[in-house]
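Descriptive structure summary
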Amino acid sequence: MPEQPYEPDRAIAGTGAGGAMDLAASEAQTLEQPSSAALGGPEGTGPQGRPRSLWSDAWRDLRRNPVFIVSALVILFLVFISLWPSAIAPGSPLKCDLSKSQEGPGPGAPFGYDGQGCNVYTRTVYGARTSVTVGVCATLGVAILGSVLGGLAGFFGGIGDSVLSRITDIFFAIPVVLGGLVLLSVVTSNTVWPVIGFMVLLGWPQISRIARGSVITARQNDYVQAARALGASNSRMLLRHIAPNAVAPVIVVATIALGTYIALEATLSYLGVGLKPPSVSWGIDISAASPYVRNAPHALLWPSAALAITVLAFIMLGDAVRDALDPKLR
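First, a word on scope: everything that follows refers to the structure included in this document.

**Things to note about the environment of isoleucine 210**
Positionally, isoleucine 210 belongs in helix H7 (residues 193-218). By relative accessible area, isoleucine 210 is classed as partly exposed at 30%. Spatially, the C-alpha atoms of isoleucine 210 and valine 253 are 8.3 Å apart, while their sequence positions differ by 43 residues. Leave out the neighbours within four places in its chain, and isoleucine 210 touches Pro249, Val250 and Val253.

Given below as structure tokens:
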């Protein structure tokens, strides 16, 4: 066989079976180094090889978490009936008929009637509006106030940080239910705002302490020190570099606390210092149904079940968000 001339642009690649095959240099390089885009990128990167952020990883994990899906569906349903309760509960929750007092389930009243002859089903549906309003507004107020105060104290430190720490210690020493009995007993307003204001007043120290610790940890990172060395202002470092990386613990705690605030509103209303009739609240209905629980247990069962499911849904949502945002669990 005549000898083949040597071509420098050819390469020899092993076949794995003891032989060899001739490949062009560009073809051999293609086999040895497959495209990362074709493989979806290395672990921790997106389809084009770009690194994924904490939030994109968290959203990907949440979509695969059945606990998050179930709790989110329950919460979406609660939000829907809070905005449009008449869509599934025709009639007024304040319309009562004493002739139907303590009657069991029947046509138009699948949950029966309470001691005043009010439709338990209608009142249970309309009670979701109060609970969701109180929970969401109290959580937003607590998160904003606590994050601002705790973030500023953790970033600047000094005497302001010391004073804030002592103030939070004082608030932590106040029992929540006892404080509600004292402060709300002198309020004559029949709206949800005094209850929301009380929750914000006693709830911000917890978020403040979480935000303070998170900011102190974030400001020690190298990227913050580099921004400081490059002459970045305090507001730019705090808003652009520290806050986005310190907000995750606040979101987790606030989400879990939302369910707690709903339960607290029902507790205060049950004790008679929260919302008062003619307001519609699960706590008011539970309190009114307690004396005749033996004769009409349905009047106590349904608002209690709605309260328990709502609180459980928000706590489950908070647990799912915590698992998704905690890098130690990855």
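Resuming the write-up.
**Comments concerning the packing of aromatic side chains**
Tallying each qualifying case throughout the model produces six aromatic pairs. Here the aromatic rings of tryptophan 59 and phenylalanine 68 are separated by 6.3 Å at their centres, their planes lie at 90 degrees, and the arrangement is edge-to-face. The class for tryptophan 59 is partly exposed, based on a relative accessible area of 45%. Judged by relative accessible area, which is 15%, phenylalanine 68 ranks as buried.

**Topic: the state of the cysteines**
The tally for this structure, following the rule as stated, stands at one disulfide. Across the disulfide from cysteine 96 sits cysteine 118; the S-S distance is 1.7 Å. On the sign convention where negative means left-handed, the S-S torsion of about 80 degrees between cysteine 96 and cysteine 118 marks this disulfide as right-handed. One end of the pair, cysteine 96, is in the loop between helix H3 (66-83) and helix H4 (120-156); the other, cysteine 118, is in the loop between H3 and H4, and 22 residues separate them in sequence.

**Thoughts on the pattern of salt bridges**
Where side chains of opposite charge bring their charged atoms close, a pairing between them can arise. As enumerated under the stated definition, the model contains eight salt bridges in all. The shortest N-O distance in the salt bridge between arginine 60 and aspartate 57 comes to 3.9 Å. Residue arginine 60 and its partner aspartate 57 are both found in helix H2 (residues 54-63); the two are separated by three residues, about one turn of the helix. Taking relative accessible area as the criterion, aspartate 57 reaches 15% and is therefore assigned buried. Of the charged contacts, one joins arginine 322 and aspartate 323 as a salt bridge, the two residues approaching to 3.4 Å between their closest N and O atoms. Taking the relative accessible area as the measure of exposure, arginine 322 reaches 38% and is therefore partly exposed. You can call aspartate 323 partly exposed: its relative accessible area is 34%.

**Overview of a nonpolar patch on the surface**
On the surface, Val176, Val177, Leu178, Leu181, Val182, Leu183, Leu201, Tyr270 and Leu271 cluster together into a nonpolar patch covering about 730 Å² of accessible area. Among the elements of the structure, helix H6 (176-184) and helix H10 (248-271) are those that each provide at least two residues to the nonpolar patch. Here the nonpolar patch takes six residues from H6, the largest share from any one element. When you line up the elements, leucine 178 lands in helix H6.

Definitions and cut-offs
- Residues numbered from 1 in each chain as written.
- Predicted model: local features only at pLDDT ≥ 70, side-chain atom pairs only at ≥ 80, totals over all residues.
- Heavy atoms only, no water.
- Helix = DSSP H or I, 4+ residues; strand = E, 2+ residues; numbered from the N terminus.
- Buried < 20%, exposed > 50% of the residue type's maximum accessible area, 1.4 Å probe, protein only.
- Contact = heavy atoms within 4.5 Å.
- Phe/Tyr/Trp six-rings, centres within 6.5 Å; stacked < 30°, edge-to-face > 60°.
- Disulfide = S-S within 2.5 Å.
- Salt bridge = Lys/Arg side-chain N within 4 Å of Asp/Glu carboxyl O.
- Patch = residues over 30% accessible without salt bridge, like charges linked within 9 Å, V, L, I, M, F, W, Y side chains within 5 Å.
- Areas by Shrake-Rupley, 256 points an atom, 1.4 Å probe, with all protein chains shown as cover.

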